[in-house]
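Residue strings, one per chain:
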Amino acid sequence: LFATGRTPNSKRLNLESVGVEVDETGAIKVDEFSRTNIPSIWAVGDVTNRMNLTPVALLEGTCFAKTVFGEEPSKPDYSNIPGAVFCIPPLSVVGMSEEQAVEQANGDVLVFTSTFTPMKYTISGRQEKTLMKLVVDAETDKVLGASMCGPDAPEIMQGLAIALKCGATKAQFDSTVGIHPSAAEEFVTMRSVTRRIPAKKPKTNL
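To keep things clear, this report deals only with the structure shown in the data block.

About the criteria used
- Chains are numbered independently. Their residues run from 1 in the order of the written sequence.
- Reporting in this predicted model follows two pLDDT cut-offs: at least 70 for local features of residues, and 80 or more for side-chain atom pairs to be given and counted; totals over whole chains, interfaces and linings ignore these cut-offs and use all residues.
- Note that the side-chain values use all heavy atoms of the structure and ignore hydrogens as well as water.
- Any carboxyl oxygen of Asp or Glu within 4 Å of a side-chain nitrogen of Lys or Arg constitutes a salt bridge here.
- Secondary structure elements follow DSSP: runs of H or I no shorter than four residues count as helices, runs of E no shorter than two count as strands, and numbering proceeds from the N terminus.
- Each residue gets one of three labels from its accessible area relative to the maximum for its type: buried under 20%, exposed over 50%, partly exposed in between, using a 1.4 Å probe on protein chains only.
- Whether two strands pair comes down to DSSP finding at least two bridges between them.
- Axis angles are defined between N-to-C directions and span 0 to 180 degrees, where every axis is a line fitted to C-alpha atoms and, for a helix, only to the segment in contact.

This model, assessed by the stated rule, comprises ten salt bridges. Salt-bridge contacts for E60 lead to R50; the nearest nitrogen and oxygen are separated by 3.3 Å. Of this pair, E60 sits in helix α1 (residues 54-68) while R50 sits in the segment before α1, placing them ten residues apart in sequence. Classification of R50 by relative accessible area gives partly exposed; the value is 28%. As a salt-bridge pair, K170 and D174 come within 2.6 Å of each other at their nearest N and O atoms. In this pair, K170 and D174 both sit in helix α5 (residues 170-174), four residues apart, roughly one turn of the helix. Here the residues in one salt-bridge network are E98, K133 and R195, joined through shared partners.

Printed below as a string of structure tokens:
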């Protein structure tokens, strides 16, 4: 697996001739509404080097259209955007990682994990495990992030992205009835805390 990255393909756009600013990688600089330093020029997608995913470019384009043509100022919301690596087995994540949660959460962070062999592999005897993780804010019970490695991970994570976007809590996950037999049901049956990570930020009443 090579994750070498990429650079924005902006060299042939002749941006310097009109004064559009770019950064050291060639990415076009834009504000939160995707407008460049030239008021009549806007940019969306990978060329701005924000979050380089096709659906994010569609989101940015939609917000641009609403802002410019719909008289509805809109800026992209980059929180809880799911992503996947389509390898074998596939990986998929949404929300904060465990490390990000520890850095950003105000309270302790609860981590729930599960490792199991999917039922469809038990008959064939195939030794392939599925890994799942939920990251939860202990103070608010809000689910901050989810990740999975295993068959159908991207399909499952797309559904969880909706839950996180709506601010779902661990209690709401727990009260959801699972589909059996499925791997996805594991996300609503993880009851035991794997580890509790103390808050890094000191609590204050100020």
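Spatially, the six strands line up as an open sheet ordered β1-β2-β5-β4-β3-β6, and their pairing is antiparallel. Where the open sheet ends on each side, the last strands, each with one partner, are β1 (83-85) and β6 (195-197). With direction set aside, neighbouring strand axes in the sheet form an average angle of 15°. Bridging between strand β3 (residues 109-116) and strand β4 (residues 130-137) involves eight bridges; their strand directions are antiparallel. Along β4, the bridge assignment pairs T113 with K133.

Shape descriptors only; they carry no functional weight alone.
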